[in-house]
Amino acid sequence: MLRYALKRLVSLIVSLAVASLVIFFVIEVAPGDPAQFMLGMNAQPDTVAALRAELGLDVPKWERYLNWVGGMLTGDFGTSYTYRTPVADMVADRLWVSLPLAIYALTISTLIAFPAGIYAAARRGRAGDVAVMGATQLGVAIPNFWFAMMLVLVFAINLRWFSAGGFAGWDKGLWAGLHSLTLPAIALALPQAAILARVMRSSLLDILGEDFMRTARAKGLSRRQALWRHGVRNALIPVLTIIGLQFAFLMAGAIIIEQVFYLPGLGRLIFQSISARDLIVVESVVMLLVFAVIVVNFLVDLAYAAVDPRLRSRT
Amino acid sequence: MMTDRQSRDRGQDMTLLSIENLTLSIHGTPILRDVSLSIAPGEIHAVTGESGSGKSMTALAIMQLLPNGAQATGHITLGGTDILTATEAQMCAIRGRDVGMVFQEPMTALNPVKTIGDQVMETILIHKALPPDRARARAAEILARVGLPPDRFPLSRYPHELSGGQRQRVVIAMAIALRPKLLIADEPTTALDVTTQAQILDLLKGLVAEDGMGMLMITHDLAVVADMAHRITVMRTGEVVESASTPDLLANMQHPYTKMLFSASTHRVDLPARPAPTPLLEVRGVTRDYRLPRRHLFRDHGTYRAVSDVSFTIDRGERLGLVGESGCGKSTLTRAILGLEQVQEGQILLGGQPVFTGHRPNLAMRRRMQVVFQDPYGSFNPRHRVERLITEPFHLLPDPPKGVAREEAIAEALKAVGLRPEDAGKYVHEFSGGQRQRIAIARALIIRPDLILFDEAVSALDVSVRAQILDLLADLCRQYDLTYLFISHDVSVVRSVTDRVLVMQAGRIVEQGPTEQVLTNPQHPYTQTLIAAAPVLPDLGAA
């Protein structure tokens, strides 16, 4: 198990190194000079040159890459070209919104999807299954921003249980923060829950047809006992894969929901930075997201091994 | 049926399981009709028949684990309980405690994510027979009893760490953990090698004798049950055709179907004499290594030697057999001969030309060989018509026949294997397993190859169908002077259709010679074990 974890860890570090190279150079080759952009089209060439020197844009690319990576390793993400504030502070503020939101949404989605998927699989072809599958079909089909607007209309405007947008901040306490993230988290979670429930159902149905389920019944387990003791854990592998992918999506892809709820999240930050050619912020946020995705995949790999002993011994 | 009635009249105690007039349909399709049989404590009752005879459904009916839509009438009485009227809760209490069941496929019968100890313990815990700490000790005892002592096979092992035979022992341990009155074994050794099969059959026999269990043994292989069952019931298409004590049945078969089954099991074909020897395929010192996954980042990957220094020759017109157990390198050797893989050492020549040149198969040689595989269901594309399936080898030819010549080639190949030219327009799902294997042979024959490889080509077939296919092979030998390599784990089949035989163990040829001589007077200890382990039907003289 330890060897397996170490192997995955090595692959994690290699992935991060490759990703940082790709991100840096892809963004570098994108057209548009940040100094020129900041000073406007009519700026004098020597002013632009001075700003380039100040921003550290005049040294060779390789040196800038190494400076950037070295800085990130020590917590220094550089200074935003547009706002002239440390990128680390900007990102940290946003991360405190996006990360809890993603975890919150994923928790809701898992809590809905697992019971729904297991219920549907256990009642395959019967009314309960048809109802759950119909609901998930809807969940997959409805765009989450429309759903978000409906949530606002019902729970914020009519019932006044939640505020329609904005983020209260964590300094007012955990509850206030969670409260303002609840509607966005639900809006993000439902389509994910629909997909996850379908994966759970089909994965479990595959397992229910396996020989060892019949063996379990021959030992005297009831249908339900066999399902819980032998079915669910075996069905988890594909489900874990999807959960990993969904987390990545929730971190980076929440921009529309952030827009609907006026949340100061990473999605909006990256959008604004791209429009302003604030390349250092874009690089840092993208790198951060890549880091998050790779770490999540690493955790998913560890979870696979925890679920399936065959992976532990394979290495 | 008189004997059954008499034994029942002697009192309930004598009968452990009694099935009376069991009729079963699934979604309206009749599966079983008027099946009656009974088992006394300590008795081994074998139910045999070909696929579709309903033998497995009979077993599942006793367990009440039938597929959805099953409708059963009649009576199944187990130790005084009427199974067909029992509630699901009552059945859960009976399964595992009063009846244990062992299945055919040990590779998939165990949950891959739970330890063997937990899985054996579960039988005990689910029936609340013992508290958890004592259940663990009991599981260890039972595993030791089925031949998996805890010092060598700790309870913490997972199924993937065990071989097929060892897994089947775990399945048996789960089934007998609570000393059930009845043990149902559904083809328990069909998926195992002969030597493993012999060990598992011994184990089952021993358990029945020691515990006084009744055992219902379901098998398609008469030889397996002939020296072990007290009583044999023969089924065909959902009905019992004959049932008698084993000595009676063997000595005095009544029903023509039973007679046919026995004669098909021992079927010997009449091979034509082979022509004067001129070498066709020469295998010289062939070794095939596989790379193992790297165990350590900075250490060299290991290699696994699947075939080791193998040499033999097949003469033109010769029928050569290759026997060995799973994992001995038979399939690797087949792929090497077909030129599908490069070998690390040695040479394979067909008619003096290498089958593999440079880094790819030599197509000129490739078109002179064809192969017939084991699975008549999986080896065809279900969306193509027979005509297209059997002309697949044409793509190997530089100038494949077209138009009328193509039609004639198709018709001839189909006629040669006993099908009709009109069958060319059908899809494979319209054919039975035996017919599909004929199509596979037609596909191999159509380009008139110099050499055909039969890779377990009759292993998946029922005995009666197998006998027909073997006869077909003999016919084809007469018509086309076939040369083939017949690969099988089944010694009796190889005996019947080959002139010479190679015995392979762990990648090496350990013995070779004329088939009859090697199989009746084996020299190598491995060949001796293999032949001793293979179940044989008693010589029935006139039958």
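These notes cover the structure that comes with them. Since the structure is predicted, the reported quantities are computational estimates derived from the model, not experimental observations. Throughout, a residue's number is its position along its own chain's written sequence, starting from 1. Note on labels: chains are lettered from A, ligands numbered from 1, in written order. Side-chain atom pairs in this predicted model are given and counted only at pLDDT of 80 or more, local residue features only at pLDDT of at least 70, and totals for whole chains, interfaces and linings cover all residues. As a rule here, side-chain values cover all heavy atoms of the structure and leave hydrogens and water aside.

1. Re the overall build of chain A
Logical step 1: The secondary structure listing takes helices from DSSP runs of H or I that are at least 4 residues long and strands from runs of E that are at least 2 residues long, numbered from the N terminus. Helix and strand counts for chain A stand at 14 helices and zero strands.
Logical step 2: From first element to last, N terminus to C terminus, chain A shows the α and β order α-α-α-α-α-α-α-α-α-α-α-α-α-α.
Logical step 3: Seen along its three principal axes, the alpha-carbon backbone of chain A occupies a region of about 85 × 55 × 35 Å.
Logical step 4: The burial tally for chain A puts 44% of its 315 residues in the buried class. Throughout, exposure labels follow a simple rule: accessible area from a 1.4 Å probe, protein chains only, divided by the maximum for the residue type, with under 20% read as buried, over 50% as exposed, and the rest as partly exposed.

2. Here we look at the pairing of strand S20 (residues 484-488) of chain B
All names here are of chain B.
Logical step 1: For S20, a buried count of five out of five residues is recorded, marking the element as mostly surrounded by other parts of the structure.
Logical step 2: Only strands joined by at least two bridges in the DSSP assignment are considered to pair. By the bridge criterion, five bridges tie strand S13 (residues 319-323) to S20 in an arrangement that is parallel. From the neighbouring strand, glycine 321 faces S20, where its bridge partner is phenylalanine 486.
Logical step 3: By the bridge criterion, four bridges tie strand S19 (residues 451-455) to S20 in an arrangement that is parallel. Looking across to S20, one finds that aspartate 455 is bridged to isoleucine 487.
Logical step 4: We call a crossover right-handed when, viewed with the strands running away from us, the connection from the first strand over the helix to the second turns clockwise. Each parallel crossover has a hand, and the one from S19 via helix H16 (residues 463-480) to S20 is right-handed.

3. Here's the deal with the packing of aromatic side chains
Logical step 1: Between 30 and 60 degrees the pair is tilted, below 30 it is stacked and above 60 it is edge-to-face, where a pair is any two Phe, Tyr or Trp rings, Trp via its six-membered ring, whose centres lie within 6.5 Å. Under the definition given, this model contains eleven aromatic pairs over all chains.
Logical step 2: With a centroid separation of 6.2 Å and 90 degrees between ring planes, the pair formed by Trp62(A) and Tyr65(A) is classed as edge-to-face. Taken together, the residues span about one helical turn, with Trp62(A) and Tyr65(A) both in helix H4 (residues 61-73) at a distance of three residues.
Logical step 3: Exposure remark for Trp62(A): the relative accessible area of 55% places this residue in the exposed category.
Logical step 4: One aromatic cluster in this structure is built from Phe24(A), Phe25(A), Trp62(A), Tyr65(A) and Trp68(A).
Logical step 5: When the NZ atom of lysine or the CZ atom of arginine is within 6 Å of a ring's centre and also within 35 degrees of its normal, the charge is said to sit over that ring. Across from the ring centre of Tyr290(B), 4.3 Å away, lies the NZ or CZ of Arg288(B), which sits over that ring.

4. Notes on the nonpolar core
Logical step 1: In terms of nonpolar packing, the biggest core is built from 90 residues, with Phe261(A), Leu266(A) and Val285(A) touching the most fellow members.
Logical step 2: Sort the elements by how many residues they give to this core and helix H13 (residues 279-307) of chain A lands first, with 16 residues.
Logical step 3: In this view, Phe261(A) contacts Ala148(A), Val152(A), Ala164(A), Gly165(A), Gly166(A), Leu183(A), Pro184(A) and Ala187(A); residues no more than four positions away in its chain are not counted.
Logical step 4: Joining through side-chain atoms within 4.5 Å is the link that ties buried Ala, Val, Leu, Ile, Met, Phe, Trp, Tyr and Cys residues into a set, and such a set is a nonpolar core. Core analysis: the next-biggest nonpolar cluster, separate from the first, contains 61 residues, Val120(B), Ala140(B), Leu162(B) and Ala226(B) among them. In what follows, residue pairs with any heavy atoms lying within 4.5 Å of each other are defined as contacts.

5. Points about the layout of surface pockets
Logical step 1: Counted as a void, the second largest pocket has a volume near 1,200 Å³.
Logical step 2: Lining residues are defined by having an atom within 4 Å of a point belonging to a cavity or pocket. Those points lie on a 1 Å grid over the protein atoms alone, cavities being sets where a 1.4 Å probe fits but cannot get out and pockets being open sets with protein on both sides within 12 Å along at least five of seven lines. Along the wall of the second largest pocket there are 29 residues; nearest its centre are Ala122(A), Leu208(A), Arg217(A), Arg223(A) and Asn68(B).
Logical step 3: Listed by contribution, the elements that provide at least two residues to the lining of the second largest pocket are helix H5 (87-122), helix H8 (174-208), helix H9 (211-218) and helix H10 (223-252) of chain A.
Logical step 4: The greatest single-element share of the lining of the second largest pocket, amounting to five residues, is contributed by H10(A).
Logical step 5: Under the convention adopted here, Pro, Cys and the residues Ala, Val, Leu, Ile, Met, Phe, Trp and Tyr are nonpolar, Asp, Glu, Lys and Arg are charged, and Gly plus all remaining residues are polar. For the lining of the second largest pocket, the per-class residue count stands at 15 nonpolar, four polar and ten charged. Grid points are joined across faces, edges and corners, and a volume is the space filled by probe spheres set on the points.

6. Observations concerning the interface of chain B and chain A
Logical step 1: Contacts between the two partners involve 27 residues from chain B, matched on the other side by 25 residues from chain A.
Logical step 2: Note on definitions: buried area is the accessible-area loss of two parts on being combined, 1.4 Å probe, summed for both. When chain B packs against chain A, the two sides together hide about 2,400 Å² of surface, and 53% of this comes from carbon and sulfur.
Logical step 3: Salt bridges are identified by distance alone: a Lys or Arg side-chain nitrogen within 4 Å of an Asp or Glu carboxyl oxygen. Linking chain B with chain A are three salt bridges.
Logical step 4: Here Arg229(A) makes a salt bridge to Glu122(B), at a shortest N to O gap of 3.8 Å.
Logical step 5: Identification of polar contacts relies on pairs of N or O atoms within 3.5 Å, with a donor-acceptor requirement for protein atoms, meaning one able to donate a hydrogen and the other able to accept it, and with residues adjacent in sequence counted only if both atoms are side-chain atoms. Where chain B meets chain A, there are 13 residue pairs in polar contact (both at pLDDT 80 or more).
Logical step 6: Elements represented by at least two residues in the side of chain B that touches chain A include exactly helix H3 (88-94), strand S6 (99-102) and helix H4 (116-126) of chain B.
Logical step 7: The greatest single-element share of the side of chain B that touches chain A, amounting to four residues, is contributed by H4(B).
Logical step 8: When grouped by side-chain class, the residues that make up the side of chain B that touches chain A number 13 nonpolar, seven polar and seven charged.

7. Concerning the sheet that holds strand S3 (residues 44-48) of chain B
All names here are of chain B.
Logical step 1: In spatial order, the strands read S6-S7-S8-S3-S9-S10; together these six strands make up an open sheet with mixed pairing. Only two strands of the sheet have a single neighbouring strand rather than two, namely S6 and strand S10 (239-245). On average, each strand axis in the sheet is tilted by 15 degrees relative to the strand beside it, whichever way the strands run.
Logical step 2: Judged from the six bridges that link them, strand S9 (residues 231-236) and S10 form a sheet pairing that is antiparallel. Within the sheet, the bridge partner assigned to valine 234 lies in S10 and is glutamate 242.
Logical step 3: Lines fitted to C-alpha atoms define the axes here, with helix axes fitted over just the stretch in contact, and angles between the N-to-C directions of these axes take values from 0 to 180 degrees. Of the strands in this sheet, S6 and strand S7 (182-186) are in contact with helix H6 (residues 164-176), which crosses S6 at around 170 degrees.

8. Describing the packing of helix H5 (residues 132-145) of chain B against H6(B)
Residues and elements named next belong to chain B.
Logical step 1: The N-to-C vectors of H5 and H6 enclose an angle of 125 degrees; their axes lie 9 Å apart at closest approach. Relative to H6, the element H5 is oriented oblique. Judged by the sense of rotation from one axis to the other, the crossing of H5 with H6 is right-handed. The segment H5 lies against H6, with Ile142, Leu143 and Arg145 engaging Val170, Ala173 and Ile176.
Logical step 2: When grouped by side-chain class, the residues that make up the contact of H5 with H6 number five nonpolar, no polar and one charged. Roughly parallel means an angle under 35 degrees; roughly antiparallel, over 145; roughly perpendicular, 65 to 115; everything else is oblique. Should the near helix be turned counterclockwise from the far one by less than a right angle, the crossing is left-handed, whereas a clockwise turn marks it as right-handed.

9. A word on a nonpolar patch on the surface
All names here are of chain A.
Logical step 1: On the surface, Val10, Val14, Val18, Leu21, Val22, Val26 and Trp62 cluster together to form a nonpolar patch covering roughly 630 Å² of accessible area.
Logical step 2: Ranked by residues supplied to the nonpolar patch, first place goes to helix H1 (residues 2-29) with six residues.
Logical step 3: Within the secondary structure, valine 14 is located in helix H1. Patches here are clusters of residues that have more than 30% relative accessible area and form no salt bridge, with a 9 Å joining cutoff for like charges and a 5 Å cutoff for nonpolar side chains (Val, Leu, Ile, Met, Phe, Trp, Tyr). Accessible surface area values rest on a Shrake-Rupley calculation with a 1.4 Å probe, where residue burial reflects the displayed protein chains alone.

10. Some words on unusual backbone geometry
Logical step 1: Phi is positive for Arg448(B), which is not a glycine, with a value near 50 degrees.
Logical step 2: If you trace the backbone, Arg448(B) turns up in the loop between helix H15 (433-445) and S19.

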